[in-house]
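Each chain is listed here by its residues.
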Amino acid sequence: MTRISVKVDGVRYSDDVEPRTLLVHYLRETLGKVGTVVGCDTSNCGACTVHVDGRSVKSCNMLAVQADGREVTTIEGIATDGGLHPMQQAFHECHALQCGYCTPGMIMQAIDLVGENPDASEEEIREGMEGNLCRCTGYQNIVRAVQQAAGVMAGQAASSSQAGE
Amino acid sequence: MSHLSARPENPVVGEALPHESAVLHVTGRALYTDDLHPRTKDVLHAWPVQSPHAHARVTQLEVCAAYEIPGVVRVLTAGDVPGVNDSGTKNDEPLFPDEVCFVGQAVCWVLGETLEAARLGAAEVRVDYEPLRSIVTIADAIKADSYQGATRTVRRGNAMSALARAAHTFTGEITFAGQEHFYLETHASLATVGDDGRVFVQSSTQHPTETQEIVAHVLGVGAHEVTVQCLRMGGGFGGKEEQPHGFAAVAALGATLTGRPVRVRLNRTQDLTMTGKRHGFHAAWRVGFDHDGHLVALQTTLTSDGGWSLDLSEPVLARALCHVDNAYWIPDVEIVGRVARTHKTSQTAFRGFGGPQGMLVTEDIIGRCAPLLGIEPHELRRRNFYTDGQTTPYGQVVHQTERLVRAWDQVTSTAELERRRGALAGFNAAHEHVKRGLAITPVKFGISFNFTAMNQGGALVHVYRDGTVLINHGGTEMGQGLHTKMLQVAATALGVPLSRVRLAPTRTDKVPNTSATAASAGADLNGGAIKDACEQILARLRPVAAERMEVPVEDVRFEGGEVRAGERSMPWAELVHTAYLSRVQLFAAGYYRTEGIHWDPEIMHGTPFKYFAYGVAAAEVEVDGFTGAYRTRRVDIVHDVGDSLSPLVDIGQIEGGFVQGAGWLTLEDLRWDESDDPERRGRLTTQSASTYKLPSLSEMPEELNVALLERAHEEGVVYGSKAVGEPPLMLAFSVREALRQACAAFGPTGHSVVLDSPATPEAVFWALDEARRAYRPAVPEPTELGHPVQVTQV
Ligand code: FES
Ligand code: FES
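Residue indices follow the written sequence of each chain, beginning from 1 at its first position. Written order decides the labels, with chains lettered from A and ligands numbered from 1. Given that the model is predicted, a residue must reach a pLDDT of at least 70 before its local features are reported, and side-chain atom pairs must reach 80 or more before they are shown or counted; all residues, however, enter totals for whole chains, interfaces and linings.

Q: Residue-level account of the overall build of chain B, with values.
A: Looking only at helices and strands, one finds 19 helices and 30 strands in chain B. Here the radius of gyration uses the C-alpha set of atoms, whereas the globule reference equals 2.2 Å times the residue count to the power 0.38. Taking 794 residues into account, the globule formula puts the C-alpha radius of gyration at 28 Å, and chain B, at 28 Å, falls close to it. The dimensions of chain B, computed from C-alpha atoms along their principal axes, are 90 × 75 × 50 Å. Burial is judged by counting the other C-beta atoms within 10 Å of a residue's own C-beta: 20 or more makes it buried, 12 or fewer makes it exposed, and any count in between marks it as partly exposed, with every C-beta position built from the backbone. Going through the 794 residues of chain B one by one, you find that 60% of them count as buried. Long-range contacts, defined here as pairs at least 24 residues apart, represent 80% of the contacts in chain B between residues at least 6 apart. In this text, helices come from DSSP runs of H or I with a minimum length of four residues, and strands from runs of E with a minimum of two, each type numbered from the N-terminal end. Any residue pair is listed as a contact if its two C-beta atoms, each placed from the backbone, are within 7 Å.

In structure tokens form, the structure reads like this:
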């Protein structure tokens, strides 16, 4: 067993974990954060995507001990003050989900993508989301949702930077 | 307009609403079955001992060593089964087998305090096998006469003599692949035992009633001892219709034996190697056309690859035989169908349920014969459409063919097919190594379960004293938006705002004896039942309202949360409260059965379908002549969903169905090891998402336009709607046929392209290479390369 200390969705946790425990299992089974799901086990589907220190990571492809001392954000930690994150809002409004199983991972990946490239073209969104599989929607509305959220996030960034001036 | 189909003013049905659980999904709060175990105490985890052989007798099973592993609590074997050792409905699927029939089949299950303990324990179980002869491919099964279930024939007229008289006849064959469901959520069950010994199983099941029945028969108890609940599924697509029962039974058996909750959750490789898939088929055919290219006769024999047990293979085959005609009138027909028995997973329901396989045969025939007839494929298709009043080969009168023509014309004009065909010819003439293809294909898909008895639905509607409403129905939610539609139906029927209505998870103790949520029929059946329940309640409320408002009963209307009669009105909640005080029953069980259908499975004749759903798609692809790599440039779809109950949901189903169909036909390549190596034979070699190619964002059409057919009210169905789950999958034939045409463009005019399915880039390369070589027919062809030419003019 190895002791790790990790901040997840703003809360600090210290736990003894087996060194080979995957981050996703630590999140789901130890912390009960079942919003992050497992789709494929082989780092192909992206359903388990979370942020580690702000960057997207497939949590089935990372050990819990590798998250020691770092900050993990899951789908359960991105809504603020009871309001949905613009990406959550957009997935909701654009009907960018059916069974919803891919949705947490899609949203986490999309937030990272837009953070990296706020003006991503449709082409770039397709490419950037390619590692996340959806078996239900046919992806059309997912692309639409990312585009819509990117617009809202750009607006928010602009207004907050103005407010800061 | 019928009472069932008529909509009131300002209905909630028809509104474009997001999925009812969308907020839960985007925040990660939506619970799936396997999310429950971390919140349950003392759960045991299950791990299967899987067979390494495609076919073998189990000569000895030694489980003692497993108990040496710390944390192993129990090994479940056949001796533990108090009831029937079978996980299916046909008594051919032992839950704990003494003869294994496919690689990966579970021989027994180990329960542990942790999943890891169960896994290590399973590795210690010793199984001795005596390998037996195995059959892996359909071709081997045909050679060995290895079949299961009944052989069925759809017959009309005399196909043989019509073929003899036909102006043109062609013959050929095709073998095409199945498909893995790859629902993103793998199979999961969690069973607990109550203080009274009753079993509660939460399961990712599309068919809770059958799961309940199988659990009960394995446990040797009555169905009333078992409750099955399905919160929601992370996709089903038919893969959770018949397949979840065994896993639920293992969990339930473990829970009754240990008194502790038992969790079964397959990891992806287990799911892929243990559960059934779409059937692959082989078809051999002879087809006849008249001088004008009208189909005059078809004789074909379809052999499906059923895998090791029957499961749903017989009804899947029946639907395949009933969809060979697709949208085309063929006067003389003989369609024979049989199910091969092979040593693979037991193939099962998958969106379309045989319909796509039946249609593929005919779309393939048309695609191959058009160049030989010298007729453009789109023209050949259009020329053979049914007209109203003609009957299908199995005797059902075809209606609404005008819709198919309208959809066809709409796609032709909005997608500018005329203009683009010209542009495409120019492009192909100008490019030697890149060619484009453009194809348009129709879909006609029968709605209802072929098995008439399954066409019934039930619902339970409660109106509480404060005027809020809770609905239960027999259908399950797997992402298709059924619950969204059912909420809309209830709100419409009661005339209350959507916010007043909530829906509770599907449970067998709320609505019993339900049919599988399948055959696209979920909304038709359960919607009819919910509407019935709501109307019973309104019928009881109406006299109360009339008395209270002092108006004639027949003047009372319910809309927007108000009860109105002429100028007068009162709030819904007030009426409900008044009715309660007057001792009026405020809840009702609703029921619906589809009228006017009948089917004789012996002679494959009758009117099995309530109606047909129609759709048309046009696709344009571009193919690289060096590699066979291709991309889909544009797709246009017009699809008939009746008067949509929920347009966002329906368009989502069309897009998702189309992409899943394109996956089946072009990308998804299930591979089984056919070698004689005893270590490998029968193994599924595509055991994970890293080897089984699923459609991802990079294969999406560059442009996808979807429109719902307008003026499409459906008389006999709830609020004028039509089923939408399965039919759009078959719109993807347009992509396959466009690929065929692009391949043809590499060869001389009149070359018939034989294209494998799935049409992977590799298959496309061989097809276009064959076309290229058709320019040089004199050169003897190395037989080991490319395909034998299978279409010949007789
Ligand atoms: S479960 Fe992690 S990528 Fe699929
Ligand atoms: S919504 Fe089901 S996998 Fe994406």
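From this point, the discussion proceeds with the structure in view.
Q: Give a detailed account of the overall build of chain A, specifying residues and quantitative values.
A: Scanning chain A for helices and strands turns up five helices and five strands. Its helices and strands in sequence order give chain A the pattern β-β-α-β-β-β-α-α-α-α, from N to C terminus. At 16 Å, chain A has a C-alpha radius of gyration in line with the 15 Å of a compact globule built from 165 residues. When the backbone C-alpha atoms are referred to their principal axes, chain A occupies close to 45 × 45 × 25 Å. Considering only contacts within chain A whose residues lie at least 6 apart along the sequence, 58% involve residues at least 24 apart.

Q: With reference to specific residues and values, describe the interface of chain B and chain A.
A: Often, the extent of an interface is quoted as the loss of accessible area upon association of its parts. The interface is formed by 42 residues belonging to chain B together with 43 residues belonging to chain A. When residues of the side of chain B that touches chain A are traced back to their parent elements, those giving at least two are α1 (22–27) and α17 (647–667) of chain B. It is α17(B) that contributes the most residues to the side of chain B that touches chain A, six residues altogether. Throughout this entry, Asp, Glu, Lys and Arg are counted as charged residues, while Ala, Val, Leu, Ile, Met, Phe, Trp, Tyr, Cys and Pro are counted as nonpolar. The remaining residues, Gly among them, count as polar. Across the side of chain B that touches chain A, the residue classes break down as 19 nonpolar, 17 polar and six charged.

Q: Give a detailed account of the packing of helix α15 (residues 522–549) of chain B against helix α16 (residues 572–581) of chain B, specifying residues and quantitative values.
A: Residues and elements named next belong to chain B. Axis definition: a line fit to C-alpha positions, over the contact stretch in the case of helices; interaxial angles, taken between N-to-C directions, run 0 to 180 degrees. Close contact between α15 and α16 brings their axes to 10 Å; oriented N to C, the two are set at 100°. On the basis of their axis angle, the class for α15 and α16 is roughly perpendicular. Listed contacts from α16 to Leu541, Val544, Ala545 and Arg548 of α15 are Leu575, Thr578 and Ala579. Here the contact of α15 with α16 is built from residues that sort into five nonpolar, one polar and one charged. Convention used here: angles under 35 degrees read as roughly parallel, angles over 145 as roughly antiparallel, angles from 65 to 115 as roughly perpendicular, and any remaining angle as oblique.

Q: Could you give me a rundown of α17(B), with the residues and numbers involved?
A: Here α17(B) contains 21 residues, and its C-alpha end-to-end distance of 29 Å stays within 8% of the 30 Å for a straight helix at 1.5 Å per residue. Of all 21 residues in α17(B), 18 are buried, a share of seventy percent or more. Any helix carries an expected span of 1.5 Å times its number of residues minus one.

Q: Tell me about the sheet that holds strand β1 (residues 2–8) of chain A, residues and numbers included.
A: Residues and elements named next belong to chain A. Read from one edge of the open sheet, five strands run β2-β1-β5-β3-β4, paired in mixed fashion. Strands with a single pairing partner mark the edges of an open sheet, and in this sheet they are β2 (11–17) and β4 (55–58). In this sheet, adjacent strand axes meet at a mean angle of 40° when their direction is disregarded. Here seven bridges tie β1 to β2, and the two strands are oriented antiparallel to one another. For valine 8, the partnering residue across the bridge sits in β2 and is valine 11. DSSP calls a pair of strands paired once it identifies at least 2 bridges connecting them.

Q: Account for the nonpolar core, naming residues and giving values.
A: General note: in soluble globular proteins, nonpolar side chains tend to be found buried as a group. Ranked by size, the top nonpolar core spans 290 residues in total, and within it B:Val110, B:Val215, B:Ala251, B:Ala490 and B:Cys743 carry the most contacts. Not counting residues within four places of it along the chain, the set of residues in contact with B:Val215 comprises B:Val199, B:Val201, B:Val226, B:Val228, B:Ala248, B:Ala249 and B:Ala252. Each nonpolar core reported here comprises buried Ala, Val, Leu, Ile, Met, Phe, Trp, Tyr and Cys residues connected via C-beta atoms within 7 Å.

Q: Requested: an account of the domain arrangement of chain B, with residues and values cited.
A: Residues and elements named next belong to chain B. The domain architecture assigned to chain B consists of domain 1 (22–30 + 456–593), domain 2 (35–134 + 181–274) and domain 3 (394–447 + 607–776). The domain limits used here are those given by an automatic or database domain assignment. For domain 2 and domain 3, the distance between their C-alpha centres works out to 38 Å. Taken residue by residue, the interface counts ten residues in domain 2 and nine residues in domain 3. Residues of the side of domain 2 that touches domain 3, tallied by class, amount to six nonpolar, three polar and one charged.

Q: Help me get a handle on helix α2 (residues 86–93) of chain A, residues and values and all.
A: Think of an α-helix as turning once every 3.6 residues; residues three or four places apart then point the same way. All names here are of chain A. When you tally the buried positions in α2, you get six out of eight residues, the bulk of the element. Inspection of α2 places Pro86, Met87, Gln88, Ala90, Phe91 and His92 among the buried residues, and these make up the whole buried set. One or two residues past the end of α2 sits histidine 95, with phi positive at roughly 50°.

Q: Now, about the domain arrangement of chain A: what can you tell me, with residues and values included?
A: All names here are of chain A. Domain assignment breaks chain A into domain 1 (2–77) and domain 2 (86–164). At the level of elements, β3 (49–52) and β4 are the ones that each hand at least two residues to the side of domain 1 that touches domain 2. With three residues, β3 is the largest single contributor of residues to the side of domain 1 that touches domain 2. Of the residues belonging to the side of domain 1 that touches domain 2, the class tally is six nonpolar, eight polar and one charged.

Q: Report on the sheet that holds strand β17 (residues 456–463) of chain B, specifying residues and quantitative values.
A: Residue and element names in this part refer to chain B. The strand order β19-β18-β17-β24 describes an open sheet built from four strands, whose pairing is mixed. Pairing within the sheet leaves two strands with one partner each, and these edge strands are β19 (501–503) and β24 (587–593). Looking at each pair of strands side by side, their axes are set apart by 25° on average, direction ignored. Across three bridges, strand β18 (residues 469–473) lies against β19 in parallel orientation.

Q: With reference to specific residues and values, describe the environment of B:Gly615.
A: Position of B:Gly615 among the secondary structure elements: in strand β27 (residues 611–624). Distance from B:Gly615 to B:Pro442, taken between C-alpha atoms, is 5.9 Å for residues 173 residues apart in sequence.

Q: Kindly report on unusual backbone geometry, identifying the contributing residues and their values.
A: The step from B:Ser757 to B:Pro758 runs through a cis peptide bond, and the omega angle for that step is 10°. Considering the arrangement of structural elements, one finds B:Pro758 in the loop between α18 (733–744) and α19 (761–773). If you check the backbone angles, A:Ser43 has positive phi at about 60° while not being a glycine. One can find A:Ser43 in the loop between α1 (23–30) and β3.

Q: Describe the confidence of the model for chain B, and please don't skip the residues or the numbers.
A: Residues and elements named next belong to chain B. Across the chain, each position has a pLDDT score giving the predictor's confidence in that residue, from 0 to 100. Here chain B averages 96 in pLDDT, while 98% of its residues score no lower than 70. Across residues 779–794 the pLDDT falls below 50, and counting only partners more than four positions away or on other chains, this stretch makes 26 contacts in the model. For this predicted complex, the interface confidence reaches an ipTM of 0.97, while the overall pTM sits at 0.96.

Q: Kindly report on the packing of helix α9 (residues 313–321) of chain B against helix α10 (residues 355–373) of chain B, identifying the contributing residues and their values.
A: Residue and element names in this part refer to chain B. Contact geometry of α9 with α10 gives a least axis separation of 7 Å together with a crossing angle of 35°. Regarding α9 and α10, the two cross each other, and that crossing is right-handed. In this structure, α9 contributes Arg319, Ala320 and Leu321 to the contact, and α10 contributes Gly355, Gln357 and Gly358. Taken together, the residues of the contact of α9 with α10 sort by class into two nonpolar, three polar and one charged. Here a crossing is called left-handed whenever its near helix is offset anticlockwise from the far helix by less than a right angle, and right-handed whenever the offset is clockwise.

Q: Before we move on, could you go through the environment of B:Asp555 and cite the residues and values that matter?
A: All names here are of chain B. You can see aspartate 555 is positioned in the loop between α15 and β21 (557–559). Aspartate 555 sits in the partly exposed class, given 14 other C-beta atoms within 10 Å. Distance in space between the C-alpha atoms of aspartate 555 and alanine 545 is 9.9 Å, their sequence separation being ten residues.

Q: Account for the environment of B:Ala284, with residues named and values stated.
A: All names here are of chain B. If you trace the backbone, alanine 284 turns up in strand β13 (residues 281–289). Spatially, the C-alpha atoms of alanine 284 and serine 21 are 46 Å apart, while their sequence positions differ by 263 residues. Discounting residues that sit within four places of it in the chain, alanine 284 has contacts with Glu173, Thr300 and Thr301.

Q: Talk me through the pairing of strand β23 (residues 568–571) of chain B; I want residue IDs and the actual numbers.
A: Residues and elements named next belong to chain B. Across four bridges, strand β22 (residues 562–565) lies against β23 in antiparallel orientation. Paired with arginine 564 across the strands is serine 569, a residue of β23. Hairpin connection between β22 and β23: a loop of two residues separates the two successive antiparallel strands, and glycine 566 in this loop has a positive phi of roughly 55°.

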